[in-house]
Protein chains: 4
Amino acid sequence: MIRFSICGAASYACGELLRLMVHHPETQVAHLADSFAAGRKIQDEHPALVGFYDQEILPLNDETLDMIVKESDVVFTAVDAGTVCGIAEKVLAAGKKFIDFGADIRFRDAKTWEKWYHLDHPNYEMTKEAVYCIPEIQRDLAKGKSLISNPGCYPTATTLGLYPVVKEGLVVENTIIVDAKSGYTGAGRRPAPNKLLAEASNSFCAYSLGGTHRHTPEIEQNIAYIQGKDLMKPETWQFINFQPHLTPQIRGIEVTIYATLNKDLTNDELYEMYQGYYKDEPFVRVFPASKPVQTKWTAGTNLCCMTPTYDARTKRLLVSSVIDNIGKGAAGQAIQNMNIIFDLPETTGLMIPPMYP
Amino acid sequence: MIRFSICGAASYACGELLRLMVHHPETQVAHLADSFAAGRKIQDEHPALVGFYDQEILPLNDETLDMIVKESDVVFTAVDAGTVCGIAEKVLAAGKKFIDFGADIRFRDAKTWEKWYHLDHPNYEMTKEAVYCIPEIQRDLAKGKSLISNPGCYPTATTLGLYPVVKEGLVVENTIIVDAKSGYTGAGRRPAPNKLLAEASNSFCAYSLGGTHRHTPEIEQNIAYIQGKDLMKPETWQFINFQPHLTPQIRGIEVTIYATLNKDLTNDELYEMYQGYYKDEPFVRVFPASKPVQTKWTAGTNLCCMTPTYDARTKRLLVSSVIDNIGKGAAGQAIQNMNIIFDLPETTGLMIPPMYP
Amino acid sequence: MIRFSICGAASYACGELLRLMVHHPETQVAHLADSFAAGRKIQDEHPALVGFYDQEILPLNDETLDMIVKESDVVFTAVDAGTVCGIAEKVLAAGKKFIDFGADIRFRDAKTWEKWYHLDHPNYEMTKEAVYCIPEIQRDLAKGKSLISNPGCYPTATTLGLYPVVKEGLVVENTIIVDAKSGYTGAGRRPAPNKLLAEASNSFCAYSLGGTHRHTPEIEQNIAYIQGKDLMKPETWQFINFQPHLTPQIRGIEVTIYATLNKDLTNDELYEMYQGYYKDEPFVRVFPASKPVQTKWTAGTNLCCMTPTYDARTKRLLVSSVIDNIGKGAAGQAIQNMNIIFDLPETTGLMIPPMYP
Amino acid sequence: MIRFSICGAASYACGELLRLMVHHPETQVAHLADSFAAGRKIQDEHPALVGFYDQEILPLNDETLDMIVKESDVVFTAVDAGTVCGIAEKVLAAGKKFIDFGADIRFRDAKTWEKWYHLDHPNYEMTKEAVYCIPEIQRDLAKGKSLISNPGCYPTATTLGLYPVVKEGLVVENTIIVDAKSGYTGAGRRPAPNKLLAEASNSFCAYSLGGTHRHTPEIEQNIAYIQGKDLMKPETWQFINFQPHLTPQIRGIEVTIYATLNKDLTNDELYEMYQGYYKDEPFVRVFPASKPVQTKWTAGTNLCCMTPTYDARTKRLLVSSVIDNIGKGAAGQAIQNMNIIFDLPETTGLMIPPMYP
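Residues numbered from 1 in each chain as written. Chains lettered and ligands numbered in written order. Predicted model: local features only at pLDDT ≥ 70, side-chain atom pairs only at ≥ 80, totals over all residues. Heavy atoms only, no water.

Chemist: How would you sum up the interface of chain A and chain D? Please name residues and give values.
Modeler: Chain A puts 28 residues into the contact, and the matching count from chain D is 28 residues. Of the roughly 2,700 Å² buried between chain A and chain D, counting both surfaces, carbon and sulfur atoms make up 69%. For chain A, the biggest contributors to the area lost against chain D are Pro353, Met355 and Pro357 of chain A; these three give 24% of the whole. Taken together, the connections running from chain A to chain D amount to two salt bridges. One salt bridge in this structure joins Lys291 of chain A and Asp44 of chain D, with 2.9 Å as the shortest N-O distance. (Contact = heavy atoms within 4.5 Å. Buried area = accessible area lost by both parts, 1.4 Å probe. Salt bridge = Lys/Arg side-chain N within 4 Å of Asp/Glu carboxyl O.)

Here it is as structure tokens:
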């Protein structure tokens, strides 16, 4: 049995991690910590967990961290930007595995992180060592490793939707535009008036307008990776537009990806190409142009569903790609990555159908 | 008093038209007809109208149409594609005004309509005579006219969002992409399982994927109009991508418009340019980059709110533009057009605040 | 023109008051104050008001209050429990009108308030003088008066639903049960995790279980009033059960009222009795048993819609009564009361249709 | 492995049955039939099932029924009222197990069914033999049996909420009132305008007003069963009021139960009594008065959560009880009953946490 602990257990993503772990036959919880909810029971934070967990949430300090590291095989973190490396150092020093939900170690070049997060990075070396892993693209990098950066929600849906055409060299440079929509779990649990049902319901809006969202460089790094570019030279990457929105629903991300292709394709050819790339992937499902995907087809799961299409008039690719932002976009993919680094079948604990309707 | 009648009164758009007319001091209802709801009371179709209207819905046939034409000053139509011209001919022959909600007379060149609607057009001459009017752009065309084509919902939000930069010649040809999201009133009232609350709620999806939505050429015609191109030569128009989605809410359209500009602008410069274009428009509100607009800011009104931004990295314009799809996107704009052709102040009956929250 | 000011202008109820006042031809805003939002523009708190109001929100202190009182004809308050009387004293001393949204002056006997609100009441005399007014029942009490207590949302929907049968003496004592459901604007604007769209959406729950909600004695006082009992002797009132719930929607209250009747009635007889009571009331609409009312039929208005029915098997009355909690349940009724005390037609500014769908 | 088939597979309840069966280690699907969806793939009806099932939906006729009966160990039915017995006869004649989701065999006395369903019952004997089973109350009746009537959704939530106090003899006769709220999956999949997201969202309403809902006698029979009354003598049962409502959400039922008790209890005493009844039940969770239950705590599961309280002022019990209407209210309980009749642990395949948020 793999003993796992979580730092940041009160977040939506970690509530989902605990919920999904109920289905995992090879794990058991060790400790749960969270600076903002210490002293409460975990099921008081996440009502779904009543009857399945009964841990008291620990504060996050040197003492509890030592205990966590000692009594765990793997530690997951969902903590404030800039505070990840301190925890990771202790976990790695003890020879344990570490999987982070945040952005601290997502960039090989820490300067990219510094530029978009407006903070000094505490550990340049660690970012070089960390393995960022969307398994469908990078699973080989992660095997046997201990320091894993779990990808962001938007970058996961986007990168999977772009992978086949970028890999095939079909995308004209600097033409990629990503129009993304997320449910409100993506906006986090910290209360604010604009996130209240009374104000957010029955309305739709953009946010981080004009190219300012922090997931932009993560997607650009992923495209550079697929293209085989040097991840330490962000100046060689192409630019994209990534524009997020909030849709009045709980879970789910839809990204519509636009890109000019350098070759004409039919919808059928595109569908076959995508099928070819993903036919052996248990968590990716490709649909033909007549079947636009819906976010609810992925609710509560590690699935990514997508419909790739091509508009011959404008020579543009249009892909609609959907995930559950706290499933494949966070907790599900973290478990998939955990399965990889512990040499379990990737699907262990994750082959559950979505909840529809 | 202007006596108005409606053909297609059971639609959401015409229910909204009747609701808004309650606020209009210069109109009174004459007749209401609808092929699918004949014999019922109008307030049984639209519960909002209880206490405000008590008409029985007429069937739509030669006899009722003669009566409608005779006893009305203006007739609004929201009827099946291909059936508009027959009604319009009678209305015009009697010297009355006509405003259509559909697409039959939206294109100066009827062949464009035939291509996208897969029908033969019954009256090529009428399309040439019809006046398509987004008042903020084309009000002068409509003054004194009798045959008005009321613009589509998506094209209204999009065209208003593009107008200043297209008019200024700032947009690089063939770079416009429109990612649109609509509430479910946009999907109409005819029941289908995918529109049920039980299935549609809490989910998001694209539809008409890959450049197939019929509002595409309407937007292209509008851009051509702003550029001063010949509307009878669609082969000279630039192509755009228009990709619609359904968001789990009742009303509201948000379009995010992407376009490469041929000149660098700051967000502030862009904001000032848009403000310059719309500062005297009572129904258009421009917000700075820090204030993304929300669909609910327009609920139940004839307002269009927008936030224009510029991403200097990618040299792209990003505009988020919102309307109520059955307000400014249909009934509100129809009343605005009615006010124009009857020489009333454009704001008559329309200066009502949105319902928020 | 009536100059009005608001203390507590950032609340949902007062945002709605300002929105509805746009339709009122005889008023103009004087000052807006709010302890929690001072210094901001009113339209930043209530996006619906952009273009209609441009006031800066004042802090609420002696100085601003003096100015407000001096420059207003009527002052509305939506402030913390226990702080109303201090404001009211100043308003009345200046010979101005006062309308309170809260509970401070709702009970003739201040001890009832003290018992349910767990505070000492600052002004026993004022509660005796205050006029609590649901116009359909108590309008004569309010005419010419200056100190008005605007009824609570739940009590309004409930009392109107009970009025005919209580007035007719048909209800068996102590058999009234009120099962109430409210949208989330009823839960206020102060953020909390359980009110976030991410948690509240797609779920339903009771709150204040077991007879603890503070609107209970207000309903009991109203029943006592209808029965002609002494409002200073709460020990003579009958007890009811009032059980509120939260429904995942923005606006709207539905109450289902159960009561044993001392006489058998058919649904038709009941319908006619209710029609008889309300046929001249512009804001109350009675529907037959075959037409259950919906909260959305009242959205954004001062309407109350109800369907009274009778179950002969159990000898119980079942009435479903709906209002907009911030319309007839707060701001709409406050304007109706203002119209009464200023001797305007009650419907002035309020005859607007609901927004449906 | 238990081979199961479903007649009526396109319903929401049977989609959920198939989804939950994925978690069941001892079953495999045999055949799926549905008169309204024959010829389609099951995953086209239920998108959640893509990748988990690939059956073609059969028509429901003599030939397919023979095949279904032959190749199944248990047959589930969700078919039109009045058509169940014909199927059941064939299943039982072949020595197989039968579990029905409908009401045809819910009443021991077929005349009660005839009275509320306005049809002639085809098989009086079968209703006497059928076992109606809410396992927490009646599991012993079902062991070893073949003809199971799966309880209705509302009656399940209500009966579990009433069981302890009725069993203890604490409820005063004829004082029970049940105010019930259901999500829109409870309204079924057949499209109608009032069930569209565009109309149903953001609104709340009652339906079947005045004591006319068909689940009323089912609840009355259950109370009679708990009281040990003769189920063939409905004239000896007490009457209740059962009043359903629709809440704008997908899944979930909340019932608030009111009943006069013949003895004073504290909230704590009540909580302990309920805990005593349910402490060994894996699917029932009792919460104290300070913790009102939410429907979402049961989403996608076989759980029933409840908060019992007592109002000493009115001497009334108030219980809030929640389930997932297509989980414990249909598919979950059907699997629980299947486990019982096949002598498997009741929790097999059903111990999954709800999806929250």
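Chemist: Let's hear about the relation of the copies chain A and chain B: which residues, and what values?
Modeler: Once chain A has been moved 0.0 Å along the axis and rotated by 180°, it coincides with chain B to within an RMSD of 0.0 Å. Here the copies are linked by what is in effect a two-fold axis. Comparing interface residues between copies, 100% of those in chain A also lie at the interface in chain B; the contact surface is shared. (Least-squares fit on C-alpha atoms with pLDDT ≥ 70 in both.)

Chemist: Hey, could you go over the environment of Pro308 of chain A for me, with residue numbers and the actual values?
Modeler: Inspection of the secondary structure assignment puts Pro308 of chain A in strand S12 (residues 304-311). Not counting residues within four places of it along the chain, the set of residues in contact with Pro308 of chain A comprises Leu270, Tyr271, Tyr274, Val286, Phe287, Leu318 and Val319 of chain A. (Helix = DSSP H or I, 4+ residues; strand = E, 2+ residues; numbered from the N terminus.)

Chemist: Let's hear about the interface of chain A and chain B: which residues, and what values?
Modeler: Listed per partner, the contact involves 53 residues of chain A and 53 residues of chain B. Summed over both partners, the interface of chain A with chain B comes to about 4,200 Å²; 52% of that surface belongs to carbon and sulfur atoms. Connecting chain A to chain B are four salt bridges. With its nearest N and O atoms 2.4 Å apart, the salt bridge here joins Glu220 of chain B to Arg313 of chain A. Here chain A and chain B share 39 residue pairs in polar contact (both at pLDDT 80 or more) between them. Where the side of chain A that touches chain B is concerned, the elements lending two or more residues are strand S7 (177-182), helix H9 (197-200), strand S8 (205-206), helix H10 (215-226), strand S9 (241-246), strand S10 (253-260), S12 and strand S13 (316-323) of chain A. (Polar contact = N/O pair within 3.5 Å; in protein donor to acceptor, adjacent residues only side chain to side chain.)

Chemist: Let's hear about the pattern of salt bridges: which residues, and what values?
Modeler: A complete count under the given rule lists 92 salt bridges over all chains for this structure. Of the charged contacts, one joins Glu16 of chain C and Arg251 of chain C as a salt bridge, the two residues approaching to 2.7 Å between their closest N and O atoms. In this pair, Glu16 of chain C sits in helix H1 (residues 12-21) while Arg251 of chain C sits in the loop between strand S9 (241-246) and strand S10 (253-260), placing the two residues 235 residues apart along the sequence. The two residues Glu16 of chain C and Arg251 of chain C agree in class, both being buried. The partner of Lys143 of chain C in a salt bridge is Asp140 of chain C, and the shortest N-O contact between them spans 3.7 Å. The class of Lys143 of chain C is partly exposed, set by a relative accessible area of 47%. Salt bridges sharing common partners tie together Asp179, Lys181 and Glu254 of chain A together with Asp179, Lys181 and Glu254 of chain B. (Buried < 20%, exposed > 50% of the residue type's maximum accessible area, 1.4 Å probe, protein only.)

Chemist: Tell me what's going on with the relation of the copies chain A and chain D, and back it up with residues and numbers.
Modeler: Related by rotation about an axis and a shift along that axis, the two copies of the chain form a pair. Between chain A and chain D, which share one sequence, the superposing operator has a rotation angle of 180° and an axial displacement of 0.0 Å; the RMSD is 0.0 Å. Take the interface residues of chain A: 100% of them recur as interface residues in chain D, which is what a same-surface contact looks like.

Chemist: Residue-level account of the domain arrangement of chain A, with values.
Modeler: Residues and elements named next belong to chain A. Each assigned domain of chain A is listed with its residue range as follows: domain 1 (2-151 + 328-341) and domain 2 (154-324). In this complex, domain 1 contributes 29 residues to the contact, which on the side of domain 2 involves 35 residues. In this assembly, domain 1 packs against domain 2 so that about 2,900 Å² is buried in total across both faces, 56% of it on carbon and sulfur atoms. In terms of surface lost to domain 2, no three residues of domain 1 exceed Tyr12, Trp116 and Lys328, which account for 25% of the buried area on that side. Where domain 1 packs against domain 2, one counts four salt bridges. The salt bridge partner of Glu281 is Arg139, with a shortest N-O separation of 2.8 Å. Taken together, the connections running from domain 1 to domain 2 amount to 17 residue pairs in polar contact (both at pLDDT 80 or more). Contributions of two or more residues to the side of domain 1 that touches domain 2 are made by helix H1 (12-21), helix H5 (110-117), helix H7 (135-142) and helix H12 (327-341). (Domains from an automatic or database assignment.)

Chemist: Before we move on, can you summarise the pairing of strand S9 (residues 241-246) of chain B with the specific residues and values?
Modeler: Residue and element names in this part refer to chain B. With six of six residues buried, S9 is to be regarded as a mostly interior element. Burial along S9 is two-sided: Asn241, Gln243 and His245 facing one way and Phe242, Pro244 and Leu246 facing the other are all buried. Sheet topology places strand S7 (residues 177-182) next to S9; six bridges connect them, and they run parallel. Paired with Ile177 across the strands is Asn241, a residue of S9. With two bridges joining them, strand S8 (residues 205-206) and S9 adopt antiparallel strand pairing. Bridge pairing in S9 places Ala206 opposite His245. (Pairing = 2+ DSSP bridges.)

Chemist: Requested: an account of unusual backbone geometry, with residues and values cited.
Modeler: Residue and element names in this part refer to chain C. In this model, Tyr356 is joined to Pro357 through a cis peptide bond whose omega is 5°. Within the element layout of this structure, Pro357 appears in the segment after helix H12 (327-341). With a phi close to 55°, His118 is a non-glycine residue in the positive phi region. Within the secondary structure, His118 is located in the loop between helix H5 (110-117) and helix H6 (124-129).

Chemist: I'd like a description of the side chain of Thr295 of chain A, backed by residues and values.
Modeler: Structurally, Thr295 of chain A can be placed in the loop between strand S11 (284-286) and S12. Residue class for Thr295 of chain A comes out buried when judged on its relative accessible area of 3%. Of the polar contacts made by the side chain of Thr295 of chain A, one reaches the side chain of Gln249 of chain A; its length is 3.1 Å. Excluding its chain neighbours within four sequence positions, the residues that come into contact with Thr295 of chain A are Gln249, Gly252, Ile253, Glu254 and Val322 of chain A together with Asn202, Ser203 and Phe204 of chain B.

Chemist: How would you summarise the side chain of Thr127 of chain D if you had to cite specific residues and measurements?
Modeler: If you trace the backbone, Thr127 of chain D turns up in helix H6 (residues 124-129). Excluding residues that lie within four positions of it along the chain, Thr127 of chain D makes contacts with Asp104, Ile105, Phe107, Arg108, Ala110 and His121 of chain D.

Chemist: Give me the lowdown on the packing of helix H8 (residues 153-167) of chain D against helix H11 (residues 267-278) of chain D, citing residues and values where you can.
Modeler: Each pair of packed helices can be described by the angle between their axes along with the distance between the axes. Residue and element names in this part refer to chain D. Contact pair H8 / H11: the axes reach a minimum separation of 10 Å and the direction vectors enclose 105°. By the criterion of interaxial angle, the relationship of H8 to H11 is roughly perpendicular. For the pair H8 and H11, contact is made by Leu160, Gly161, Leu162, Tyr163, Pro164, Val165 and Lys167 and by Leu270, Met273, Tyr274, Tyr277 and Tyr278, respectively. Classifying every residue of the contact of H8 with H11 by side-chain character gives ten nonpolar, one polar and one charged. (Axes fitted to C-alpha atoms, helices over the stretch in contact; angles between N-to-C directions. Parallel < 35°, antiparallel > 145°, perpendicular 65-115°, else oblique. Nonpolar A, V, L, I, M, F, W, Y, C, P; charged D, E, K, R; others polar.)

Chemist: Describe the packing of aromatic side chains, and please don't skip the residues or the numbers.
Modeler: Tallied over the full model, the rule gives 30 aromatic pairs over all chains. Ring centres of Tyr163 of chain B and Tyr277 of chain B lie 5.4 Å apart, and the angle between their planes is 80°; this geometry places the pair in the edge-to-face category. With Tyr163 of chain B in helix H8 (residues 153-167) and Tyr277 of chain B in helix H11 (residues 267-278), the pair connects residues that are 114 residues apart, well separated along the chain. Judged by its relative accessible area of 24%, Tyr277 of chain B is partly exposed. Members of the aromatic cluster, each reached through a chain of ring pairs, are Phe4, Phe76 and Phe101 of chain A. It is Arg190 of chain B that lies over the ring of Phe36 of chain B; its NZ or CZ is 4.8 Å from the centre. Lys296 of chain C extends its terminal NZ or CZ atom over the ring of Tyr356 of chain C, reaching a point 5.1 Å from the ring centre. (Phe/Tyr/Trp six-rings, centres within 6.5 Å; stacked < 30°, edge-to-face > 60°. Lys NZ or Arg CZ within 6 Å of the ring centre and 35° of its normal.)

Chemist: Before we move on, could you go through the sheet that holds strand S4 (residues 97-100) of chain D and cite the residues and values that matter?
Modeler: All names here are of chain D. The strand order across the open sheet built from six strands is S2-S1-S3-S4-S6-S5, with neighbouring strands paired in parallel fashion. Taken across any chain shown, the strands that pair with only one partner, and hence form the sheet edges, are strand S2 (27-33) and strand S5 (131-132). Relative to strand S6 (residues 147-149), S4 runs parallel, the two being bridged by three bridges. In the sheet register, Asp100 faces S6, and the bridge partner there is Ser149.

Chemist: Break down the sheet that holds strand S9 (residues 241-246) of chain D for me, with residues and values.
Modeler: In space, the seven strands of this open sheet follow the order S8-S9-S7-S10-S13-S12-S11 (chain D), with mixed pairing throughout. Among the strands making up the open sheet, the edge pair consists of strand S8 (205-206) and strand S11 (284-286) of chain D.

Chemist: Outline the state of the cysteines, listing residues and values.
Modeler: Overall, the coordinates contain zero disulfides over all chains when judged by the stated rule. As a non-bridged cysteine, Cys14 of chain A has Cys7 of chain A as the owner of its nearest cysteine sulfur, 8.9 Å distant. Cys205 of chain B takes part in no disulfide bond, and the closest cysteine sulfur, belonging to Cys305 of chain A, lies 13 Å away. (Disulfide = S-S within 2.5 Å.)

Chemist: Residues and numbers for helix H7 (residues 135-142) of chain C, please.
Modeler: Residue pairs three or four apart in sequence face the same way in an α-helix, which turns once every 3.6 residues. For H7 of chain C, the buried fraction is high: six of the eight residues fall into the buried class. For H7 of chain C, the complete set of buried residues consists of Pro135, Glu136, Ile137, Gln138, Arg139 and Ala142 of chain C.

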